[in-house]
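# Architecture and fold: a report
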Amino acid sequence: MRTTDFPYLTPDKTTLEDCILGFLLWIAATVVIGTEVLVLVLVYCFVRSPRLQVIHLLPISFAFLALVNLMAGMVTQSLMPDFRDMLVVVLPIMVIVSGALRVGIFRVFVILCALEVIVGLAEFIVGVSTFFPGLVDGSYDLDDSGLLYNSRVFGLRTNSSTLSGNIFLSILCIYRFSLFKNPKVYYAVVGLLVIGLILTFNRSVIVALVILLALWALKAALQMKHKIVLTGILLAAILFVIRYSEQITRQFLRGGQEIDSSVLERFFFYEQAINVILANPLSGNGSSKLEVWSVGQGIYQHAHNSYLMLFGTHGIPIALILVIFVLFQFYMTDWASRFCLLSIMFYSCFQYGIFWNLSLMDMIFFRFLAFPAQYTTTEETPPDRLCSTRGAMHG
């Protein structure tokens, strides 16, 4: 099989199609448009997608059984499902076609995310969480407590979590796909994204990226690569943590000496979700999106854990089908993709990151799973790593 058979294997070129699709990925879940725009990306990828594989029968079976479970709930309990619950049919499509997302698409997406950080920086300087308070709920003026958690900006998103999630995915894409050959562009984009991490201060994202860095460093150390760089990074990290340990602890605990209420409430969410699973192990919540009660906010919301959401929504048998597929694909892919996947999986332990049915994080998550199980080459090196890039970490 020739490399030229797959345009995404030539990361140096960014086509007009890449620009349009990258823009659509970026504009999803902004103040002006929702995630529904991702359907347009899926339609395009469906035309360009690889052949259907036998392993794809697992996500297809998952979606079919989830629909049966949903319909059964409608009949037995006279429930009307939310339209969003019907989007479970999109998930296998996303799994199958995600491999058609080319490197150039992610390059455009990452650049736009980096530029959006400039908007967030302007919001921070002005002292507001967003320039669009009339279009979002929960906007506020930034306080002067010195706590980054209380000074999070939204950029062009409806909340800071969405912006930090996009920054998180951008950094993973830079690591996995080696998007920028020009060192100046690379450091400019990475610099803006790091500023974005500070301005959004999502603790789950920060820890997930530390795990990615640790995995990369461990693998490089085992292979005796980058010894000088690794030693420098390790010493700098140790000195930084020792020097600023008090400030770091204060920021992560939101100014307190103990675990803050938002973290403690997660355990209450988890308890509610586990109770649903134990009460209905076979059907879960009837494939209707699980919601738990938030005492602090006085509303129903998701459980802040993708795996509890998956099993609580669909029940154990149906959820296991998707889990088996993910584990199999994880085993088949390369180490660089595995590091990115592990980072997302960790993030999803404390946030509702993956398994939304239709979301940008799902799309990129399944893209990391997409090769080499779906794309095989005669080369030992995974496809997207055939082209080395200066200034980027390589797994």
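Residues numbered from 1 in each chain as written. Predicted model: local features only at pLDDT ≥ 70, side-chain atom pairs only at ≥ 80, totals over all residues. Heavy atoms only, no water.

A separate point is the overall build of the chain. Regarding its fold elements, the chain presents 16 helices and two strands. Going through the 395 residues of the chain one by one, you find that 48% of them count as buried. Expressed as a percentage of contacts within the chain between residues at least 6 apart in sequence, the contacts between residues at least 24 apart total 74%. (Helix = DSSP H or I, 4+ residues; strand = E, 2+ residues; numbered from the N terminus. Buried < 20%, exposed > 50% of the residue type's maximum accessible area, 1.4 Å probe, protein only. Contact = heavy atoms within 4.5 Å.)

A word on the confidence of the model for the chain. Keep in mind that low pLDDT regions are not for reading the predicted coordinates in detail. Put simply, the chain has an average pLDDT of 81, and 84% of its residues get 70 or more. Note that pLDDT drops below 50 for residues 1–10; the model gives that stretch 19 contacts with residues more than four away or on any other chain. The low-confidence segment residues 373–395 (pLDDT under 50) makes 67 contacts with residues lying over four places distant or belonging to another chain. (pLDDT = per-residue confidence, 0-100.)

Here the focus is the packing of helix α1 (residues 16–27) against helix α2 (residues 38–48). Their axes nearest at 8 Å, the elements α1 and α2 cross at an angle of 140 degrees. Considered as vectors, α1 and α2 are oriented oblique to each other. Taken as a pair, α1 and α2 cross one another with a handedness that is left-handed. Judged by residue contacts, E17, L21, L24 and L25 of α1 engage L38, L40, V41, Y44 and R48 from α2. Its residues placed into classes, the contact of α1 with α2 shows seven nonpolar, no polar and two charged. (Axes fitted to C-alpha atoms, helices over the stretch in contact; angles between N-to-C directions. Parallel < 35°, antiparallel > 145°, perpendicular 65-115°, else oblique. Left-handed = near helix turned anticlockwise from the far one by under 90°. Nonpolar A, V, L, I, M, F, W, Y, C, P; charged D, E, K, R; others polar.)

Right, let's talk about the environment of D85 for a bit. For D85, the position within the fold is in helix α4 (residues 83–86). Sequence spacing of D85 and S287 is 202 residues, and the spatial spacing of their C-alpha atoms is 7.1 Å.

Here we take up α2. Helical periodicity: at 3.6 residues per turn, an α-helix aligns residues three or four positions apart in one direction. Of all the positions in α2, only L38, V41, L42, Y44 and C45 are classed as buried. All buried residues of α2 lie within an arc of 165 degrees about the axis, which places them on one face of the element. Opposite the packed face of α2, turned more than 90 degrees from it, sit the exposed residues L40, V43, F46 and V47. Residues of α2 that are buried make contact with α1, α5 (90–97) and α16 (360–369). (Arc of directions from axis to C-beta.)

Despite not being glycine, S287 has its phi angle at roughly 60 degrees, a positive value. Following the sequence through the fold, S287 ends up in the loop between α12 (261–279) and β1 (292–294). Exposure remark for S287: the relative accessible area of 4% places this residue in the buried category. Phi is positive for F355, which is not a glycine, with a value near 70 degrees.

Quick look at a nonpolar patch on the surface now. A cluster of nonpolar side chains, namely L52, V54, L57 and I60, defines an oily patch on the protein surface of about 400 Å² accessible area. When you line up the elements, L52 lands in the loop between α2 and α3 (57–77). Overall, L52 belongs to the exposed group, its relative accessible area being 53%. (Patch = residues over 30% accessible without salt bridge, like charges linked within 9 Å, V, L, I, M, F, W, Y side chains within 5 Å. Areas by Shrake-Rupley, 256 points an atom, 1.4 Å probe, with all protein chains shown as cover. Salt bridge = Lys/Arg side-chain N within 4 Å of Asp/Glu carboxyl O.)

Next up on the list: helix α13 (residues 306–314). Counting buried positions along α13 gives eight out of nine residues, so the element sits mostly inside the fold. Looking only at α13, the buried set comprises S306, L308, M309, L310, F311, G312, T313 and H314. Where α13 begins, the capping side chain belongs to N305, and its oxygen is found 2.9 Å from the backbone nitrogen of Y307. G315 lies just past α13 and shows a positive phi near 90 degrees. (Polar contact = N/O pair within 3.5 Å; in protein donor to acceptor, adjacent residues only side chain to side chain.)

Counted by the stated rule, this structure contains 13 aromatic pairs. Between F267 and Y270, the aromatic rings sit 6.1 Å apart at their centres with planes inclined by 75 degrees, giving edge-to-face as the arrangement. Here the residue F267 and the residue Y270 both occupy positions in helix α12, the gap between them amounting to three residues, near one helical turn. Since its relative accessible area comes to 52%, F267 is described here as exposed. (Phe/Tyr/Trp six-rings, centres within 6.5 Å; stacked < 30°, edge-to-face > 60°.)

With that settled, the discussion passes to the side chain of R338. The topology assignment puts R338 in helix α15 (residues 335–350). Despite its burial, R338 remains without a salt bridge, the nearest opposite charge being carried by D334 at 7.3 Å. Only 3.2 Å separates the side chain of R338 from the backbone oxygen of T333, close enough to count as a polar contact. (Lys, Arg positive; Asp, Glu negative; His and termini not counted.)

Okay, the environment of P317 next. Here P317 shows up in helix α14 (residues 316–332). Taking relative accessible area as the criterion, P317 reaches 39% and is therefore assigned partly exposed. Excluding its chain neighbours within four sequence positions, the residues that come into contact with P317 are P281 and L282.

Attention shifts here to the pattern of salt bridges. Taken as a whole and assessed by the stated rule, the structure comprises four salt bridges. One salt bridge connects R102 with D18, and the closest N-O pair in it is separated by 2.4 Å. Separated by 84 residues along the polypeptide, R102 in the loop between α5 and α6 (103–126) and D18 in helix α1 bring together distant segments of the chain. For D18, a relative accessible area of 1% corresponds to the buried category. R157 is the salt-bridge partner of E116, the closest N and O atoms lying 2.9 Å from each other. Placement of the pair is E116 in helix α6 and R157 in the loop between α6 and α7 (160–177), with a sequence separation of 41 residues.

Counting through the fold element by element, T158 comes out in the loop between α6 and α7. Classification of T158 as partly exposed rests on a relative accessible area of 30%. Residues T158 and T130 lie 28 residues apart in sequence; the distance between their C-alpha atoms is 8.4 Å. If we skip the residues at most four places from it in the chain, T158 touches A29, T30, V31, V136 and D137. At 3.5 Å, the side chain of T158 and the side chain of N159 are in polar contact.

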